[in-house]
Amino acid sequence: MGIWRYDGKRRPTSRTRKERTVQPVGVDMGELRGTHVPVLLERCLELLAPALGRDGRTVHVDATLGLAGHAEAVLEAHPNTVLVGLDRDTEALAHARVRLARFADRIHLEHAVYDELPEVLDRLGYPEIDGVLFDLGVSSLQLDAPDRGFAYAQDAPLDMRMDQTRGVTAEEVVNSYSHPDLARVLRVYGEEKFAGKIASAIIREREKGRITSSARLAELVRESIPAPARRTGGHPAKRTFQALRIEVNRELAALETALPAALDQLSVGGRMVVLSYHSLEDRLTKHALADRVRSKGPIDLPVELPGSGPTFRLLSRGAELPGDAEVAANPRAASVRLRAAERLDPNAEQQGRTDRERYRRRVKAMHQPGTGSTTGAGAAPAATPRDGSGTDEEGEGTHER
Ligand SMILES: C[S@@+](CC[C@H](N)C(=O)[O-])C[C@H]1O[C@@H](n2cnc3c(N)ncnc32)[C@H](O)[C@@H]1O
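Residues numbered from 1 in each chain as written. Predicted model: local features only at pLDDT ≥ 70, side-chain atom pairs only at ≥ 80, totals over all residues.

A. How the structure looks around the nonpolar core. In this structure, Ala-63, Ala-96 and Val-273 are the most contacted members of the largest nonpolar core, which totals 61 residues. Not counting residues within four places of it along the chain, the set of residues in contact with Ala-96 comprises Leu-65, Leu-67, Ala-68, Ala-71, Gly-85, Asp-87 and Leu-109. Of all hydrophobic cores here, the second largest spans 30 residues; its members include Ala-170, Ala-218, Ile-225 and Phe-241. (Core = buried A, V, L, I, M, F, W, Y, C linked by C-beta atoms within 7 Å. Buried ≥ 20, exposed ≤ 12 C-beta atoms within 10 Å, placed from the backbone. Contact = placed C-beta atoms within 7 Å.)

B. Spotlight on the environment of Arg-99. Examined against the element boundaries, Arg-99 turns out to sit in helix α5 (residues 90–99). Residues Arg-99 and Leu-67, 32 residues apart in the sequence, show an inter-C-alpha distance of 7.7 Å. (Helix = DSSP H or I, 4+ residues; strand = E, 2+ residues; numbered from the N terminus.)

C. Region of interest: the UniProt feature "binding site: S-adenosyl-L-methionine" (unreviewed entry) in the chain. The UniProt record marks Ala-68, Gly-69, His-70, Asp-87, Tyr-114, Asp-135 and Gln-142 with the feature "binding site: S-adenosyl-L-methionine" (unreviewed entry), using the residue numbering of this structure. Looking at where His-70 falls in the secondary structure, it is placed in helix α4 (residues 69–77). Those residues in contact with His-70 that sit more than four places away from it in its chain are Pro-38, Leu-41, Cys-44, Asp-62, Leu-133 and Asp-135. Relative to the helices and strands, Tyr-114 is located in the loop between β3 (107–111) and α6 (117–124). Using a count of 25 C-beta atoms within 10 Å as the deciding quantity, one classes Tyr-114 as buried. Dropping the residues within four chain positions of it, Tyr-114 is found in contact with Ala-63, Thr-64, Leu-86, Phe-134, Ala-254 and Ala-258. (UniProt positions renumbered as here; feature names shortened; annotations may be inferred.)

D. Structural context of the sheet that holds strand β1 (residues 58–62). The strand order across the open sheet formed by seven strands is β3-β2-β1-β4-β5-β7-β6, and the pairing between neighbours is mixed. Of all strands in the sheet, those with a lone pairing partner are β3 and β6 (312–314), marking the two edges. Ignoring strand direction, the axes of neighbouring strands in this sheet form an average angle of 15 degrees. In this sheet, strand β5 (residues 266–276) lies alongside strand β4 (residues 129–135) in parallel orientation, the contact comprising six bridges. In the sheet register, Val-132 faces β5, and the bridge partner there is Met-272. Sheet strands in contact with helix α3 (residues 41–52) are β1, β2 (81–87), β4, β5 and β7 (337–343), and its direction is about 170 degrees off that of β5. (Pairing = 2+ DSSP bridges. Axes fitted to C-alpha atoms, helices over the stretch in contact; angles between N-to-C directions.)

Laid out in C-alpha cells, this is it:
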C-alpha cells in the first residue's frame, strides 16, 4: 500500500465527495504536504538522477502522482525536466496541481490509469521519456478519507474505487460475485486463509439484504475467522479489504500492461523505478524487468546475435528494502520493495553484466585447476538461470549503492 503519513493532529478535514472531486480551488495543500512522507525519496532521486540530469530537456513520468511528493522533489532537483504526472484519482490530481503550481510551465497532470501511458504521451507529443516512477497502491489520502470505504476501521459506503468517476464499486463486487469468484479474490489478492468461509458468510448475509457498509463487511469477516486466528496478523478484515481494493481497481491487470509499455517508452539511458507494497506487484515488476535484462540468443554462443542482447540492466540488487531509519520515521514504508532498471544502448559493448558474461565466467571457472570439473567445454553449467529471475540475486547485478 502506498505511504502517506499523517501526524494524527493534522489529518485532512473531511470534505464532501463533490467538493473533493471537482474543486481543485480551496484544496488545503499545506496541511497535507506537511505530513506526507514520500517513500524511499532519496534513493528514488539517486536512481533517476543520471537519466533526468542529462543535457537538454528531459521527460519524467510519475505514473502514480498522488500528492506529488516524489514529483515535487524531481522537479526541484532537475530544472530542465518536464513532468508528466498520472493519477486515476481526481482528488489526488487536485492536490498535486496546487502543490506543483510553481512548476506550471513544465508539468502535465493527467487523469488516467497508468496503462493509458502510451496514449497520453502520444497526445502530449513525447515519443520518448527519460525517467518513470511507479509508487504503487493506495494512498493515505484515500485510506483516511472517511467516505471512500477503503478502511475497515471506519464505517463508510463500500466504494473503494480510486477513480470515482468510473468502474464497479466494492459493494457491487461483494453483492454480485459468485462464491468461487469471491473466494478466489480473497485468497489470491488477500492471501486470506479463510477465503472460503468469508465468501460463504457474505453469500448468506446478502440473502438477507444487500451489504452496503464497510463496518458490516468488517464485522462479517471477523465473525467468519476462528477465534484463535483473530488474535494474530492484525485486524481480521485487513486482508479482505486489501483483496477487494485490488479487484475493484483491477490493479494487477493495469500494472501488467503498464510496466512493459513504460519500459518501451524509455530512451537509451532512461530509467524506471518501481516501489511495490504487495508480493504480487513485486513479482510482476520482477518478471517485467527480467524479460528485458536477459539475452534472447542461444546461451552457449560466444557472442550476442544482433538484436538478441539484453535491452536493460538492473540497477537494484534483488528487491531493495527500506532501512531501519526509514521505517522508524515512516512505518507504512515497512512493506516497500524497490526495483529499478536502465535502458541499454544497443550499439554499446556491454561490460560483463549479461547472462552470457556470467555463463562465460562460470564455464571458465569450471576449467580452473582444483574445481574438479570434468565437464566438456561446450556444456552449460547446470544452474545457469534462463528466465532472468536469478540475475539480480547473484551479486552480479549493477547495484549502485
Ligand atoms: C502511493 S500513492 C503515490 C504517492 C506519491 N508518490 C507521492 O509522493 O505523493 C499512489 C497513487 O497512485 C494512484 N494510482 C494507483 N493505481 C493507479 C493506476 N492504475 N493508474 C493511475 N494512478 C494510480 C493512486 O490513486 C494514488 O494516488
